[in-house]
Amino acid sequence: MVSFDTKSYSKKLLHLISWSHWFTFFNIIAAIALSSYYLFSETAPDTLLGQAYLVTTWLSHIAFLTFMSFVLILFPITLVFPNTKFIRTSGSIIFTLGLLLLLLDGFIYSRLGYHLNASSSAQIIDLIKEIAEENSLFYLVSGALAIIILGFEFTISNYAWKHLKQLQKTIFARFVIFALVLAFFFSHLTHIWADANLDYDVLRQDTVLPLSYPATAKTLLTKYGLFDIDDYMERKTSPLSFSQAIPTYPSLLAKQCSSGEKVSNSVFLVLTDEQLNEQQLGQFTRRSATSSAKLTNHVDTSLAKDSWFNLFYSLPSIYQADILAQNTTPMLFQAITHNNLATTYTLIDANTNSVEGESAWFNSLFSEQTQLTDISTLVFAERLNNLAPGLHLIYFKSGEEEAESKNNHYQFELFVDALLLAQKHKQQKDFIWISTIGNKDKESRLSTKTALFINPSLAASQEVTQLTSQMDLQPSLLKHWLGCAINSKSYSNGDDLISLKKDRVIANTADEGIMVFNKDKSVLIDQNGNFQSYSSQLAAPITVNKDFPLMIDGVHFIKRFSQQSTSEQ
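Residues numbered from 1 in each chain as written. Predicted model: local features only at pLDDT ≥ 70, side-chain atom pairs only at ≥ 80, totals over all residues. Heavy atoms only, no water.

(A) Local environment of the overall build of the chain. Across its full length, the chain carries 19 helices and 14 strands. The buried share of the chain, reckoned over its 569 residues, is 51%. For the chain, contacts bridging at least 24 residues in sequence account for 74% of all contacts bridging at least 6. By element, 58% of the accessible surface of the chain is carried by carbon and sulfur atoms, the whole surface being about 27,500 Å². (Helix = DSSP H or I, 4+ residues; strand = E, 2+ residues; numbered from the N terminus. Buried < 20%, exposed > 50% of the residue type's maximum accessible area, 1.4 Å probe, protein only. Contact = heavy atoms within 4.5 Å. Areas by Shrake-Rupley, 256 points an atom, 1.4 Å probe, with all protein chains shown as cover.)

Here it is, written out as structure tokens:
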């Protein structure tokens, strides 16, 4: 025999479940309305099929996510504790948080290009802090928005509860649900067809909505303009290149470097193709007569043929062909010419048959070029200290033989010691940059290196633990050596080394794909969409899931200069 208490419980439970269905229905409509923000964050599809897919997947996917929030959260709570006031209050709070997360996710996607995720939490938090600093009303507006949404939830909760019998008699909801189910099946079948036929107009929408289809690296690279859409089918063997023309490399404006003070000191760039280690850096730091910045997480991803471009133009390798074709000298060398300073390039190469000095494209940047087999004529303090103020590059190129490499290593250290000793006899100290240039093999590109930036303008020596790169050298010298007031984003992808205060993502391109670095790991994404990762902490290759947010951050870094215009200089 069924007790009255059991009947009362069942009746209350059924009433609550019926209410929760209508409450969820109204939230589905609200979520669809708020999520329309995603549609305006992307360019519209070109084809009718792509447009139909966009609308149907938007309606059905957002409806599905909202309904699953009910199934996974509110429905189990209702079964466990079917208290009317508790369930209605809990439901209002749950869906308020859900709609707020939807708005936050849409905002993050419009700014960063990916949705809320754990792997990019640092970038997301930094973005929110940056917006809050720029707009003092950010938190006030966010709080007001939360109150408005919570008020909306209580309103529809109350309405659904009081008018439940009338709502149960209506039939309009059946047509809405039928349309959403139809849209669900249409969008999924369309995606299956597009995946089989590589219809880019449909596949590029994979990342638009949260918790949608997992995108592929190929599709994302095409979406962000690193592959030509017209070659979408054949791009497996095509090199990375911009699908649109890049901006013209800027020319220096006289007012940008018009401090009026004559530059009386020099910059020495001492480079080697042998990897430096912590012990060498510590030795050089101790012998330095002035303050220095020790770079312990330095990124140099290129092989020799591209590394010089990264250094002098402060841009990723993908820009090299187009920028060199423009025949405009790097901003640093334009400023050097403006200040009537000297430029010298000395190649130390024991191989007398080497033509590195004559064949290098950057040879024309220097007014004086010298090729030596050893440093015997360079290590005198009188000569080093009497060089004309300017930029002096000394590059130690090792040979193929082990003996030649050891000799290169020895001469490099001996020259640095002589240079640092000579600085102690100078009243006006020079800027000195000591680092490796390029990688001899592909295996070492994903590991971070070390470098040393001796900067007489520093108050005290410091260790820069944030990621740095060869692209940071030019902006740092323009600011600290020549005192030029130029926005680094107008001519480079680098930043001033001394002003770095937060972690960032650094990326570069290679023939195989793109390489992306953050503080924890580095990733190579090849043109077939494969991810190869390397742990900075373990100093070894690791296996990780595909980190598309990190890849998108890397793409944004690579495209930073291409998105600049000359008006921003």
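(B) Summary view of a nonpolar patch on the surface. Among the surface-exposed residues, Ile177, Val181, Phe185, Leu189 and Ile192 lie close enough to one another that they form a single nonpolar patch of about 510 Å² accessible area. Take Val181: it is sitting in helix α8 (residues 172-197). Using a relative accessible area of 40% as the deciding quantity, one classes Val181 as partly exposed. (Patch = residues over 30% accessible without salt bridge, like charges linked within 9 Å, V, L, I, M, F, W, Y side chains within 5 Å. Salt bridge = Lys/Arg side-chain N within 4 Å of Asp/Glu carboxyl O.)

(C) A look at the pairing of strand β6 (residues 431-436). Of all six residues making up β6, six are buried, and the element is well covered by its neighbours. Burial of the side chains of β6 extends over both faces: Phe431, Trp433 and Ser435 are buried on one face and Ile432, Ile434 and Thr436 on the other. Sheet topology places strand β1 (residues 267-272) next to β6; six bridges connect them, and they run parallel. Residue Leu271 lies in a different strand from β6, and its bridge partner there is Ser435. (Pairing = 2+ DSSP bridges.)

(D) The state of the cysteines, seen in detail. With the rule as written, the count across this model stands at one disulfide. Put simply, Cys257 and Cys484 are joined by a disulfide, and their sulfur atoms are 1.7 Å apart. A torsion of 120° about the S-S bond marks the disulfide between Cys257 and Cys484 as right-handed. With Cys257 in the loop between α10 (217-223) and β1 and Cys484 in the loop between α18 (473-480) and β10 (506-509), this residue pair connects regions lying 227 residues apart in the sequence. (Disulfide = S-S within 2.5 Å.)

(E) Expanded view of the packing of helix α14 (residues 331-338) against α18. At their nearest, the axes of α14 and α18 sit 9 Å apart, and the two run at 25° to each other. Relative to α18, the element α14 is oriented roughly parallel. Relative to α18, α14 is oriented so that their crossing is left-handed. Across from Met331, Leu332 and Ala335 in α14, the residues of α18 making contact are Gln474, Leu477 and Leu478. Split into classes, the residues belonging to the contact of α14 with α18 amount to five nonpolar, one polar and no charged. (Axes fitted to C-alpha atoms, helices over the stretch in contact; angles between N-to-C directions. Parallel < 35°, antiparallel > 145°, perpendicular 65-115°, else oblique. Left-handed = near helix turned anticlockwise from the far one by under 90°. Nonpolar A, V, L, I, M, F, W, Y, C, P; charged D, E, K, R; others polar.)

(F) Structural view of the environment of Ala451. With respect to the element layout, Ala451 can be found in strand β7 (residues 449-454). The exposure class of Ala451 is buried, given its relative accessible area of 0%. Once residues within four sequence positions are removed from consideration, Ala451 is found in contact with Leu281, Ala293, Lys294, Leu295, His298, Ile434 and Ser435.

(G) Quick look at the nonpolar core. Formed by 85 residues in total, the largest nonpolar core has its most connected members in Phe312, Trp481 and Leu482. Apart from residues lying up to four places away in sequence, Leu482 is in contact with Val263, Leu332, Ala335, Ile336, Asn339, Leu341 and Leu477. Judged by nonpolar contacts, the second largest core, of 22 residues, contains Phe268, Leu378, Leu384 and Ile454. (Core = buried A, V, L, I, M, F, W, Y, C linked by side-chain atoms within 4.5 Å.)

(H) How the structure looks around the packing of aromatic side chains. Tallied over the full model, the rule gives 38 aromatic pairs. Their ring planes at 45° and their centres at 5.9 Å tell us that Phe67 and Phe70 sit as a pair that is tilted. Here Phe67 pairs with Phe70, and both are found in helix α3 (residues 48-80), just three residues apart, close to one helical turn. For Phe70, a relative accessible area of 3% gives the class buried. (Phe/Tyr/Trp six-rings, centres within 6.5 Å; stacked < 30°, edge-to-face > 60°.)

(I) Up close: the side chain of Lys429. As for its placement among the helices and strands, Lys429 is situated in the loop between α17 (402-423) and β6. For the buried Lys429, no salt bridge is present, and the opposite-charge side chain at shortest range is Asp430, 8.8 Å distant. Among the polar contacts listed, one links the side chain of Lys429 to the backbone oxygen of Gln423, at a separation of 2.7 Å. (Lys, Arg positive; Asp, Glu negative; His and termini not counted. Polar contact = N/O pair within 3.5 Å; in protein donor to acceptor, adjacent residues only side chain to side chain.)

(J) The arrangement of the packing of α3 against α8 in detail. Contact pair α3 / α8: the axes reach a minimum separation of 8 Å and the direction vectors enclose 125°. Considering the angle they form, α3 stands oblique to α8. Judged by the twist between their axes, the crossing of α3 over α8 is left-handed. In contact with Leu49, Ala52, Tyr53, Thr56, Thr57, Leu59, Ser60 and Ala63 of α3, α8 contributes Leu180, Ala183, Phe184, Phe186, Ser187, Thr190, His191 and Trp193.

(K) Broad picture of the pairing of strand β3 (residues 342-349). Of all eight residues making up β3, seven are buried, and the element is well covered by its neighbours. As judged from the five bridges shared by β3 and strand β4 (residues 368-372), these two strands associate in the parallel manner. Within the sheet, the bridge partner assigned to Tyr345 lies in β4 and is Gln369.

(L) The arrangement of the environment of Asp206 in detail. Summarising the element assignment, Asp206 is placed in the loop between α9 (200-203) and α10. For Asp206 and Leu54, which are 152 residues apart along the polypeptide, the C-alpha to C-alpha distance reads 9.8 Å.

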